[in-house]
Amino acid sequence: MTSKGKYVLLGVITFLFLFPFAYIVLLSLAQNWSFPAVWPQTITLDNWKIIFSSQGGMTYSLVISVVISLSVAFFSTLCGFITSKFIAYSAHRQKLMLFSYFPFILSPVIYAGCLYFFFIKFDLSGTVVGVVLAQLIIAYPYAVIIFSGFWSDKMKNLEQLVTTLGGNTWQSYRKVLLPSATGMLLVCFFQTYLISWFEYGLTAIIGVGQVQTLTIKVFQYIQEANIYYAALAACLLILPPAILLYVNKRFVFKTQH
Amino acid sequence: MRSYFVILIVCLLTVSCGSERQKKDDLRNLSWDEITQGAEGQTVNWMMWQGSPYVNNYINNYVIPEVKERYNITLEISSGQGNQIVSTLLTEIDAGKEVSDIDLAWINGETFYQLREINALYGPFTDQLPNSDYVDFDNPIIKYDFQKPVNGYEAPWSLTQWSMIYNSEKVDNPPRNMEELEAYVKANPGTFTIPNQFVGMTFLKNLMIEMAGPEALSGDFDAETYQKYSSRLWEYLNRIKPYFWKDGQTFPSTPAAMNQLFSNGEINFSMNFGTRIDNAVDDGTYPTSARVYLLESGTIQNANYVGIPKKSAHKAAAMVVANFLLSPEAQYKKMQPNTMANNTVLAVDKLPENWQQKFNDIPESNYAPPREELSARALQELGPEYMIRLNEDFRTKVIQQ
Amino acid sequence: MEFFKNKLNHSRLDLFGITLFFLLAVLPLILGVGYAFLYSTGLFGALSDGFTLSHWQEVLQNFEVYYSFGFSIYIAAAAMSISILLALTGTLLFNKQIDEGFFSYIVYLPLAIPGIVASLFIIQLLSGAGLLSRISFQLGLIDSVRSFPSMVNDQWGIGIITAMVMLATPFFMIYFQTIYKSERLDELDRLATTLGSKRFITALKVKVPIILSRAFPTMLLYYIFMMGSYEIPLLLGQQSPQMVSVLTIRKLRRFNLLDIPQAYVVAILYIVIILSVVIYLFKKRRLSYDL
């Protein structure tokens, strides 16, 4: 493959990767785009204005999605970090990790369907806390898996070093463990945030249609065949992660392990 | 130690979320004023089908602000179709839940039937609503919901008649019975389809009535009669299925999807609960050449209602909302072009003079036959078991073939 | 004494960790599977009559569930193969560009797209009145909406596969590239070239097997993840056959309430299959975090 050919191909691939974003943004700006037009008949910012109005509940969805995802990311990262240490050093590591892998690959929506009863029983169905908890059940094991690679013998030795030198747990965490893990913590926070941010099926079941996250809104608009608003909600859904991915990538790049 | 702390926090959170729901008991003995007072400041969670932008518009831009202003009730909508409402309430019963998540539900037909079977509805309550004075509860369309007596367990909300819509530019003579439909799809393959949900299933019910005549299918469900006519129906459908849109390999799963196909010319027909399509034509959902028509043997007309789950903690507020929905103002507004634009459940002759005038002055639709013609061809709904069976059998006997 | 206290401190945090693990990972699993099992055998449920195997019989005798599993296997396999092929080609050709530079940021972009938005996009692109159809119409390739080939809600699941490929390919490109780097495949490349092998042969016989063998656990897990996909087949699939998750949820919301236990039967079947695969993975190879 010639060098020039390679660059052309790279250009094509870049276009393909960028195209969905451009298209969705364009769709969100349209109000009238019927067959066979290849370009919208009307382009306007009117659709975006409804974000600021109370109609449609878009602002509510945006806010509640951010709150839920931040909570899920925070708790799963924190708890995952603490738990993975125990598991990594434990004798039953294999068996315990099995439990971690399972929710991660099981279809979240089927899992939610089986657990729905318990959420109703504990008055958690249809509540934000319930949705956060349900998403934690998926994200927390994932965090455990992410951190399992962190607890190596080297870490163990460092910890023991701290103890021998007279430090306590808090100090070892603060001065040694957390700093080394910063990159990983951020990656985990970000990835668990995305898991929650993108979740639809589980949120629809546990939230009973009352917790209207952005993904639920996109689906609703698609059902209503209002594709312009669906594209608008989709923009709100994909643009923040796209920006965050840029930030995250810099971090991953910096902390190569 | 810390694990207990965590558990404590979790408990606190759950309790704090649950404390908002106070329990209110028997409302039968209260006067309407007392009920309105008790409803003040409450939040009502209304689970309803949100598949129609016009309904959503009416609710979001009229009903919600009005009940807030008039009664200080916060109305929240959650999305859920009939079977979802039933399965939610059923799981609540399974879990022994004391307080339901749902305070009001938009229901009719088989949903109402199933909710009564599992004893999930509160009632009777409609006689306590002041606006029920304007309703003729002896009208069989309102008194019976899919042939089952309502007995005050759900409050009527709207009246709709199922109709077909065709594109007058592409079709000269729309098919009005099964024979004509068969001839049409064979001559024009790929231009017709059925949505795989309640609007489409009602079309199937219309066809069964065409085959059997309305008397044969009315009253209680009879498995033999169903078997006899449904097998003819499946035979007919499987025969003409290859001439449907996408060769009958797939069917649109929502009316909105079907309307999209209709509006971009992929198919020439759509179906709807409702006979006024003015709003849809005005906002471009339908082409201006769209016209409403009925089948020769008539089409089903039904009422839909709002019900209150037995375990709702905000029954008073729910009743106030139900009453408001039944008010002449709300019903009149609902008939306006850019809202639901379907018919009122109120008996116009029971209304005060000025309202009678207003209702009678509502103009005819530009795109449909006149109202008398429509009501002359209105058929009564069949028992709920038909809907349940048709849903299943359509899947096994037609889709999976 | 100090040493002892520190030991206890360690255990407290670990206790916290393990309690959390139990509460959030182990317990829900047991509860969920237990509930599904009890409901499917009629031992639980407001409308049940007691222990019965009738629901299991109903499901296993109806072809629907076999079609559904078969269809899910097919879709995930097709999407996986295409994605892996594309990702391998991309990584091998462009490993430097994926590593750093402008393109290395671009390649991350599709990861910001969730299943639902991918579905929306594919509908807009590939449906009868979608963008491709309109372009074809303008170019005179088709003369009406109906002539455009069916690619969404179709029997081969073209729309579903496209959406999945769209999401999986960038992911694997990045993943393969990290393997490429960690296995120092470009050094290997240089070595092989010095020994006289052609770049292309090296790629095929050396690099690809290494990448694939390192990536195997992740690929298998991603495959299972694809099989359990919900949003994409919900919007882009047809009524029959449906993928497993869509089928389960549909049965859960049955019109006929007495059939709801069937949904749990399907759920249990699916869970058992997944469990078997994961256990197999654990027995055969050590699963370390490579994700």
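Residues numbered from 1 in each chain as written. Chains lettered and ligands numbered in written order. Predicted model: local features only at pLDDT ≥ 70, side-chain atom pairs only at ≥ 80, totals over all residues. Heavy atoms only, no water.

Draft legend 1. Examining unusual backbone geometry more closely. Residue P124(B) follows G123(B) across a cis peptide bond; omega there is -5°. Considering the arrangement of structural elements, one finds P124(B) in the loop between α5 (109–117) and α6 (140–143). The amide bond that connects S240(C) to the next residue, P241(C), takes the cis arrangement and shows omega of 0°. For P241(C), the position within the fold is in the loop between α10 (231–236) and α11 (244–252). In this model, N119(B) sits at a positive phi of 55°, which is unusual for a non-glycine residue. With respect to the helices and strands, N119(B) occurs in the loop between α5 and α6. The phi dihedral of N153(C) is positive, around 55°, even though this residue is not glycine. (Helix = DSSP H or I, 4+ residues; strand = E, 2+ residues; numbered from the N terminus.)

Draft legend 2. Geometry of the environment of N29(B). Along the polypeptide, N29(B) turns up in the loop between α1 (2–18) and α2 (32–39). Classification of N29(B) by relative accessible area gives exposed; the value is 67%. (Buried < 20%, exposed > 50% of the residue type's maximum accessible area, 1.4 Å probe, protein only.)

Draft legend 3. Up close: helix α8 (residues 185–194) of chain C. Residues and elements named next belong to chain C. Burial in α8 covers these residues: L185, D189 and A192. The buried residues of α8 occupy an angular sector of 70° when the element is viewed end-on, so they sit on one face. Turned more than 90 degrees off the buried face of α8, the exposed positions are R190 and T194. Considering only its buried residues, α8 is in contact with α7 (158–182) and α9 (199–227). Residue G196 follows α8 closely and has a positive phi angle near 105°. (Arc of directions from axis to C-beta. Contact = heavy atoms within 4.5 Å.)

Draft legend 4. Looking closely at the packing of helix α5 (residues 108–121) of chain A against helix α4 (residues 82–94) of chain B. At a closest axis distance of 9 Å, the pairing of α5(A) and α4(B) adopts a crossing angle of 65°. Judged on the interaxial angle alone, α4(B) and α5(A) are roughly perpendicular. Like other packed secondary-structure pairs, α5(A) and α4(B) cross with a definite hand, here right-handed. Mapping the contact onto sequence places Y116(A), F117(A) and I120(A) in α5(A) and T88(B), T91(B), E92(B) and D94(B) in α4(B). Its residues assigned to classes, the contact of α5(A) with α4(B) comprises 3 nonpolar, 2 polar and 2 charged. (Axes fitted to C-alpha atoms, helices over the stretch in contact; angles between N-to-C directions. Parallel < 35°, antiparallel > 145°, perpendicular 65-115°, else oblique. Left-handed = near helix turned anticlockwise from the far one by under 90°. Nonpolar A, V, L, I, M, F, W, Y, C, P; charged D, E, K, R; others polar.)

Draft legend 5. Seen up close, the environment of F273(B). All names here are of chain B. With respect to the element layout, F273 can be found in strand β7 (residues 269–273). Accessibility expressed as a relative area gives 18% for F273, which makes it buried. Separated by 111 residues in the primary sequence, F273 and W162 place their C-alpha atoms 4.3 Å from one another. Contacts of F273, omitting those with residues within four sequence positions, involve T160, Q161, W162, F198, V199, T202 and N302.

Purely geometric numbers; function is a separate question.
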